[in-house]
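Topology and contacts: notes
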Amino acid sequence: MRGALPQGGRRGGPAATDAAGPLGRVLGGPWLLVGQDARLTAYVHTEDALLRWTEERVGGPRWSGPDAFPAKNLTHLTVVQGPNRYAHLVGRRVRPKADGRSAVDIMCATQYQTGRPVTEWRSLGSPFKDIDRSEQVGAPAAAVAAGGALYVCVPTAWGGAALRREDKHGQWEAWRELDVAGVTDQPSLAATAAGLVEVLLPTRGAALHLRQNDPGGPLVRGYDAGVIPLPGSATSLETAPGRVTHYLTDVRGTGVVAFRAGSWPMPLGGAPGDGRTAALRATVDGFDCTLLALRGTDGAVHVGACATEAERGGMWWTEGGTACVGDPALALDGHGRAVLAAIGSDGHFVLARQTDGPGLTLSDWSRI
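A quick note: this is a predicted structure, and the numbers were derived from the prediction, not measured.

1. A look at the overall build of the protein chain
Helix and strand counts for the protein chain come out as 1 helix and 28 strands. On C-alpha atoms alone, the protein chain measures out to a radius of gyration of 19 Å, which is about the 21 Å that the 2.2 N^0.38 rule sets for 368 residues. With the C-alpha coordinates aligned to their principal axes, the bounding extent of the protein chain is approximately 55 × 45 × 40 Å. Put simply, the protein chain has 368 residues, and 56% of those count as buried. Of the contacts made within the protein chain by residues no fewer than 6 positions apart, 42% connect residues no fewer than 24 positions apart. Taken as a whole, the protein chain presents about 15,600 Å² of accessible surface, with 49% of it coming from carbon and sulfur. Charge separation in the protein chain, taken as the distance between the mean sites of 36 positive and 36 negative side-chain charges, equals 2 Å.

Written out as structure tokens, the structure is:
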């Protein structure tokens, strides 16, 4: 990778995204999605607002924004999309009460087209009516099944997890507690092109794996991963038709690990910090490759690449040349080029784009 913003700062803990900068107090993101018209949209969660940038033309380089949308009282947010390219925003809302306690529920909103407004926030309620238990509901994760149904999963009180989803008619089913125990943090969800949803849940002893056997069917226990995931590090990607690879950070310090159902966890190395790993399939030198991006222990963006599902051949890692806060994001633009986005240590939204050079060559970082 050539050229970069100046490196600076040392990586902090999980609260590093709380640092105030030009965007305000950043709580999460960026997220990077491609719309139906092949333009990219980037989202960043700040205190009381969701900021959005939109490519003016397919492939850039000019962007409009940021547009600001209300996100009052949302402590956590995630942004996902399915085959229809709708952007689904799912957040955890905390509303303080006069008695010192807080009412916690899960919220969702949708952006249907690139550059268009976001719908009003809608409450999905909480898995619990009891306020003391609902206060312990954690950060949501989400995925969109092939038919467009949104699945939302949250960690709950005493190590549990609960799921709420839309049915095939778009109607919301009730919250259901999953048959798991010992969950320590936000799960990771993925939906395959065949319409099957998988969930990976971190615990103190393993990563619990649940999957559907039929589209719209119940989530049942699958092959658990014999690795202890660092809370908040897991991400999931379909790497072959109907097959999902889960990437997570081994809490014992061995780096990133790849896990597929029925296979042993595969160490990939790297120097991940305490954030989430972004994963993307992209074409590099004509080959189907998997790209990973993370914030390393040194505070800089790190990028890894390997042939898809050929991790045994080695994962090639490079330091991305700029320090960041929060977790970097990856997406393909409308021309099929990999795009890497991050919040720089100076608080600005920046990105780099795959070029025509040999191997995985990325452009200079651009401030948006």
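After presenting the structure, the write-up continues.
2. Describing the nonpolar core
Ranked by size, the top nonpolar core spans 20 residues in total, and within it Leu-291, Val-301, Leu-330, Leu-340, Ala-342, Leu-360 and Trp-365 carry the most contacts. Among the secondary structure elements, those contributing two or more residues to this core are β22 (278–284), β23 (287–295), β24 (300–307), β25 (316–332), β26 (338–344) and β27 (349–353). The leading source of residues in this core is β22, at 4 residues. Residue contacts for Leu-360: discarding those within four places in its chain leaves Val-284, Leu-291, Val-303, Ala-305, Trp-316 and Gln-354.

3. Some points on the sheet that holds strand β12 (residues 161–165)
Strands in a sheet are paired, the pairing made by backbone hydrogen bonds, and the direction either parallel or antiparallel. Across the sheet, 4 strands lie side by side as β10-β11-β12-β13; this open sheet has antiparallel pairing. Only two strands of the sheet have a single partner each, and these edge strands are β10 (141–144) and β13 (176–177).

4. Brief notes about empty space enclosed by the protein
The tally for this structure, following the rule as stated, stands at 2 cavities of 30 Å³ or more. Along the wall of the largest cavity there are 13 residues; nearest its centre are Gly-35, Arg-85, Ala-87, Gln-111 and Thr-114. Of all the secondary-structure elements, those providing two or more residues to the lining of the largest cavity are β2 (24–34) and β3 (40–46). For the lining of the largest cavity, a count of residues per class yields 5 nonpolar, 7 polar and 1 charged. In the lining of the second largest cavity, the residues fall into 7 nonpolar, no polar and no charged.

5. A short note on the environment of Thr-355
Note on placement: Thr-355 falls in the loop between β27 and β28 (366–367). For Thr-355 and Arg-337, which are 18 residues apart along the polypeptide, the C-alpha to C-alpha distance reads 7.5 Å.

Reading guide: rules and limits
- Residues numbered from 1 in each chain as written.
- Predicted model: local features only at pLDDT ≥ 70, side-chain atom pairs only at ≥ 80, totals over all residues.
- Heavy atoms only, no water.
- Helix = DSSP H or I, 4+ residues; strand = E, 2+ residues; numbered from the N terminus.
- Rg over C-alpha atoms; globule rule 2.2 N^0.38 Å.
- Buried < 20%, exposed > 50% of the residue type's maximum accessible area, 1.4 Å probe, protein only.
- Contact = heavy atoms within 4.5 Å.
- Areas by Shrake-Rupley, 256 points an atom, 1.4 Å probe, with all protein chains shown as cover.
- Lys, Arg positive; Asp, Glu negative; His and termini not counted.
- Charge placed at Lys NZ, Arg CZ, Asp CG, Glu CD.
- Core = buried A, V, L, I, M, F, W, Y, C linked by side-chain atoms within 4.5 Å.
- Pairing = 2+ DSSP bridges.
- 1 Å grid on protein atoms, 1.4 Å probe; cavity = no way out; pocket = protein on both sides within 12 Å on 5 of 7 lines; lining within 4 Å.
- Points joined across faces, edges and corners; volume = space filled by probe spheres on them.
- Nonpolar A, V, L, I, M, F, W, Y, C, P; charged D, E, K, R; others polar.

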